[in-house]
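For reference, the chains in residue letters:
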Amino acid sequence: MWDYSDKVKDYFFNPVNAGVLEEANAVGDVGSISCGDALRLMLKVDPETDVILDARFQTFGCGSAIASSSALTEMIKGMTLDQALKVTNQDIAAYLDGLPPEKMHCSVMGAEALHAAIANYRGEEWKDDHEEGELVCKCFGVDAALIERTVRDNGLVTVEQVANYTKAGGGCCSCHEKIEDILIAVNGELAATAKPAIVQQPKPRTLVQIAPLKPEPAPAPAKPAMTMVRKIQLIEKVLEDIRPSLKMDGGNAELIDVDGDTVYLHLTGACMGCSSSGLTIAGIQERLMLAFGKPMRVVPSKPTAEV
Amino acid sequence: MNAPVYLDNNATTRVDPAVLAEMLPFFTELFGNPSSMHHYAAGVAEAVQLARRQVQSLLGAKHDSEIIFTSCGTEANNTALYSALAANPGRREIITSVVEHPAILAVCEHLEKNEGVTVHRIPVDAKGRLEIGAYQAALSDKVAIVSFMSANNETGTLFPVEELAVMAKEVGALFHTDAVQAVGKLPMNLADSAIDMLSLSGHKLHAPKGVGALYLKRGTRFRPLLRGGHQERGRRAGTENVTGIVGLGKAAELAQAAMEHENTVVRTLRDRLQTGILQSISHCFVTGDIEHRLPNTVNIAFEYIEGEAILLLLSRAGIAASSGSACTSGSLEPSHVMRAMNIPYTAAHGSTRFSLSRDTTDADVDRVLAVMPEIIARLRQLSPYWGKDGPKATPDFAPAYA
């Protein structure tokens, strides 16, 4: 059974704005019957003000697809089209208190339907740049299509490189066999096409440490409880280890505060509102738990000055 | 809320209280290792031996030594395939079907990729029946083992394994059947059969999870998967899962006693469920081979809606079933069994499996029949493929990417 939030369940069991909107003047049809999801989003747009007066949906899909569609219609009613275009799939997922990683594509479908409907209203052609494959890395929500493309474009040859470029495999490590399979398949293709392998040597950088992590050596028996300084040092060390992969995406993470087992972090740059910041937090949390050997919680926080 | 209705017995079954009662002493006073010399072993080795005879009897096997206890059906399947290749080095091909359980298909894929083994995957027709011509054509003296399931887990469709085994013998190949779904539901007489190996799993027949068995016909060349001990006559090393084995033995005895019930009462309940749904709901159909099917299984494809949504609504009504939709597995494609039968995507995603057991009652069937029409109607109202009272006559819904 999927671990759906109460909000997802509520929007699925009692969907709002379901059905045909007769007076719709903007319609977006997206989805794929082969992956079991398809959505028609219907909007009634005020031609004078560009405000979305009403929104309805029809969805062929699973519980989270229906919930995402219904939530989307609630979110965008009353927005102008330009405001609505700023709604991302992350916003939809956040509105539903999160979706399981395997189900994030349901929110993607919602955002795409919105773009398609607005393009339809404006008489533009909407092009889907959507690509998805089997979910490989469940810690960071990375699918096979993205890994394949990244391996091909960058001539990657090791699991470590894949983790550096895509984050895939940087968490619990259980997908390493699948990543190795992709590396073998793609590099085999490259070799078969007889092109010289385009191995761009990445600049020397601290690699994400993906070998099985040993718990930090236990503190000396003389010091039974970990001091605050020691805690901060350990957190900083974990952050230092993952910083290269965050920076590659133009982001960073700053330690704001520590309260017991709760760590307050400020995510900056591209990490702010990034489509996978939720996953990043989950990933950092995982690494902290490994380092501390006990459950830890990461809470996104504002920078020090604003606290 | 009403009592829960469990119609997912092909996924797993409830442990029979009589099975549990049989097992409990082996957790407490009878904890000895059956291999030990001292008196703690007394009674334990005998219990394992009794269980072996109970399983032998259910399968109609000639010798009790033909039963090798394993940790599950998957281990039995892995053992059969690896053993056949290791024991017949001159033969490097496997024949199987496209609709097998992943416990066969994923092993074949691995062998193909890493061991250079050639795998022939025989297709099925729209009713899930094996293409015998393709099987015949794939048979040769290069084939080490043929492995076809006795009954399909999703549709209950039966393969004629006795005849298929005879065909394999003609080219000197071993014949294995994954009978995890069939054992305990269909009478068997392996003593008079050409089947060399058969896999079964305890938790599909009211025994606990974590125990299974491989039937290995006497005289069949064999290589163990696990080495490291003399247990199971050196064919499966590792200290015996005594409690599980004792439970499996008892469950086999009970299944044999309930065989007639399974094929009369359970079958009638299943048929009533099937007829009731087909009569009260439009645009749905039974998948698989209706004439040759397990007595406890029905798989119905509801068109224009998606299976996970059906399961969530059923679950809210207290009913447990299963689906072949993509979303329930976390993959992007609907079940490989539905695709192999060429079920259209709009129906494959809505395929729903109800699997009964001797636990199932008339009231359970009534409950499903009472809620099903409303669940289906409700989801169809949400579907862009559905008009006011039926599928859209002129489909105007063509999503942007496919």
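Rules behind the numbers
- Residues numbered from 1 in each chain as written.
- Chains lettered and ligands numbered in written order.
- Predicted model: local features only at pLDDT ≥ 70, side-chain atom pairs only at ≥ 80, totals over all residues.
- Heavy atoms only, no water.
- Helix = DSSP H or I, 4+ residues; strand = E, 2+ residues; numbered from the N terminus.
- Buried < 20%, exposed > 50% of the residue type's maximum accessible area, 1.4 Å probe, protein only.
- Contact = heavy atoms within 4.5 Å.
- Areas by Shrake-Rupley, 256 points an atom, 1.4 Å probe, with all protein chains shown as cover.
- Pairing = 2+ DSSP bridges.
- Axes fitted to C-alpha atoms, helices over the stretch in contact; angles between N-to-C directions.
- Core = buried A, V, L, I, M, F, W, Y, C linked by side-chain atoms within 4.5 Å.
- Phe/Tyr/Trp six-rings, centres within 6.5 Å; stacked < 30°, edge-to-face > 60°.
- Lys NZ or Arg CZ within 6 Å of the ring centre and 35° of its normal.
- Parallel < 35°, antiparallel > 145°, perpendicular 65-115°, else oblique.
- Left-handed = near helix turned anticlockwise from the far one by under 90°.
- Salt bridge = Lys/Arg side-chain N within 4 Å of Asp/Glu carboxyl O.
- Lys, Arg positive; Asp, Glu negative; His and termini not counted.
- Polar contact = N/O pair within 3.5 Å; in protein donor to acceptor, adjacent residues only side chain to side chain.

Novice: Describe the overall build of chain A, with residues and values.
Specialist: The helix and strand inventory of chain A stands at ten helices and eight strands. Buried positions account for 47% of the 307 residues belonging to chain A. Considering only contacts within chain A whose residues lie at least 6 apart along the sequence, 59% involve residues at least 24 apart. Of the roughly 14,800 Å² that chain A leaves accessible, carbon and sulfur atoms contribute 54%.

Novice: Outline the overall build of chain B, listing residues and values.
Specialist: Along its length, chain B carries 13 helices and 13 strands. For chain B, the proportion of its 402 residues judged to be buried stands at 58%. The contacts in chain B between residues at least 6 apart in sequence include a share of 72% that link residues at least 24 apart. Of the roughly 15,800 Å² of accessible surface on chain B, 55% is carried by carbon and sulfur atoms.

Novice: Tell me what's going on with unusual backbone geometry, and back it up with residues and numbers.
Specialist: Trans is the prevailing form of peptide bonds, just as negative phi is the prevailing case for residues other than glycine. Residues and elements named next belong to chain A. With a phi close to 65 degrees, D50 is a non-glycine residue in the positive phi region. Its relative accessible area of 24% is what places D50 among the partly exposed residues. The backbone of K167 sits at a positive phi, close to 75 degrees, despite the residue not being glycine. Within the fold, K167 resides in the loop between α7 (159–166) and α8 (176–192). Residue class for K167 comes out buried when judged on its relative accessible area of 11%.

Novice: Lay out the sheet that holds strand β5 (residues 143–147) of chain B in plain terms, naming residues and giving numbers.
Specialist: Residues and elements named next belong to chain B. Taken in spatial order, the seven strands line up as β2-β8-β7-β6-β5-β3-β4 in an open sheet, and their pairing is mixed. With partners counted over all chains shown, the strands left at the sheet margins are β2 (67–70) and β4 (118–122), one partner each. In this sheet, adjacent strand axes meet at a mean angle of 20 degrees when their direction is disregarded. The pairing of strand β7 (residues 197–201) with strand β8 (residues 212–216) spans five bridges and is antiparallel.

Novice: Any details on the nonpolar core? Residues and values, ideally.
Specialist: Formed by 69 residues in total, the largest nonpolar core has its most connected members in L43(A), I76(A), F302(B), F354(B), M372(B) and L379(B). With nine residues, the single largest contributor to this core is helix α5 (residues 104–121) of chain A. With residues near it in sequence (within four places) discarded, L379(B) still touches F12(A), I66(A), I305(B), A309(B), I310(B) and L313(B). In this structure, A51(B), V55(B), L190(B) and I195(B) belong to the second largest nonpolar core, which totals 66 residues.

Novice: Go over the packing of aromatic side chains, please, and point to the residues and values.
Specialist: Scanning all chains against the criterion turns up eight aromatic pairs over all chains. Aromatic pair Y11(A) and Y95(A): ring centres 6.1 Å apart, planes at 50 degrees, arrangement tilted. Residue Y11(A) is located in helix α1 (residues 6–13), and its partner Y95(A) is located in helix α4 (residues 89–95); the two are separated by 84 residues in the primary sequence. Since its relative accessible area comes to 12%, Y11(A) is described here as buried. Through a chain of ring-to-ring contacts, the aromatic side chains of Y135(B), F148(B), F159(B) and F175(B) assemble into a single cluster. The lysine or arginine in question, K7(A), covers the ring of Y95(A), its NZ or CZ lying 4.8 Å from the ring centre.

Novice: Describe the environment of I122(B), and please don't skip the residues or the numbers.
Specialist: All names here are of chain B. As for its placement among the helices and strands, I122 is situated in strand β4. By relative accessible area, I122 is classed as buried at 2%. Sequence separation between I122 and V99 is 23 residues, and the spatial gap between their C-alpha atoms is 8.7 Å. Each residue touching I122, except ones within four places of it in the same chain, is listed here: I95, T96, S97, V98, L130, E131, A134, Y135, A138 and F148.

Novice: If you had to explain the packing of helix α9 (residues 307–316) of chain B against helix α13 (residues 362–382) of chain B to someone new, which residues and values would you point to?
Specialist: Residue and element names in this part refer to chain B. Running from N to C, α9 and α13 cross one another at 140 degrees; their axes reach a closest spacing of 10 Å. If you check the angle between α9 and α13, you find them oblique. Where α9 crosses over α13, the two elements pack in a sense that is right-handed. Touching A309, I310, L313, L314 and R316 of α9 are V371, M372, I375, I376, R378 and L379, all from α13.

Novice: Tell me what's going on with the pattern of salt bridges, and back it up with residues and numbers.
Specialist: Residue and element names in this part refer to chain B. A full pass over the atoms with the stated rule returns 23 salt bridges over all chains. In this structure, the salt-bridge partner of K250 is E253, at a minimum N-O distance of 3.3 Å. Here E253 and K250 lie together in helix α7 (residues 242–257), a separation of three residues that amounts to about one turn. According to the relative accessible area criterion, E253 is partly exposed, its value standing at 37%.

Novice: How would you sum up the sheet that holds strand β12 (residues 322–323) of chain B? Please name residues and give values.
Specialist: Residue and element names in this part refer to chain B. In spatial order, the strands read β9-β10-β13-β12; together these four strands make up an open sheet with antiparallel pairing. In this open sheet, the two edge strands, each paired with only one partner strand, are β9 (284–286) and β12. Contacts from helix α8 (residues 259–280) reach β9, β10 (297–302) and β13 (351–355), with the element oriented near 10 degrees to β10.

Novice: An account of α7(A) is needed here, citing residue identities and associated values.
Specialist: Residue and element names in this part refer to chain A. With respect to burial, α7 is a largely interior element, six of its eight residues being buried. Buried residues of α7: V159, Q161, V162, A163, N164 and T166, and no others. Looking at the buried residues of α7, the elements they touch are β5 (142–143), α6 (144–154), α8 and α9 (228–248). K167 occupies a position one or two residues after α7 and carries a positive phi of about 75 degrees.

Novice: With reference to specific residues and values, describe the environment of F175(B).
Specialist: Residue and element names in this part refer to chain B. Here F175 lies in strand β6 (residues 174–178). Expressed as a C-alpha distance, the spacing of F175 and V146, which sit 29 residues apart in the sequence, is 4.9 Å. When residues no more than four places from it in sequence are discounted, the contact partners of F175 are Y135, V146, F148, V161, L164, A165, A168, K169, A194, I195, D196 and M197.

Novice: I'd love a proper account of the side chain of E66(B), names of residues and values included.
Specialist: Residues and elements named next belong to chain B. Following the sequence through the fold, E66 ends up in the loop between α2 (44–59) and β2. Despite being buried, E66 has no salt bridge partner; K217 is the closest side chain of opposite charge, sitting 5.4 Å away. Here the side chain of E66 touches K62 through a polar contact of 3.2 Å, landing on its backbone nitrogen. One polar contact links the side chain of E66 to the main-chain amide nitrogen of R218, over a distance of 3.0 Å.

By themselves, these observations are geometric and do not establish any function.
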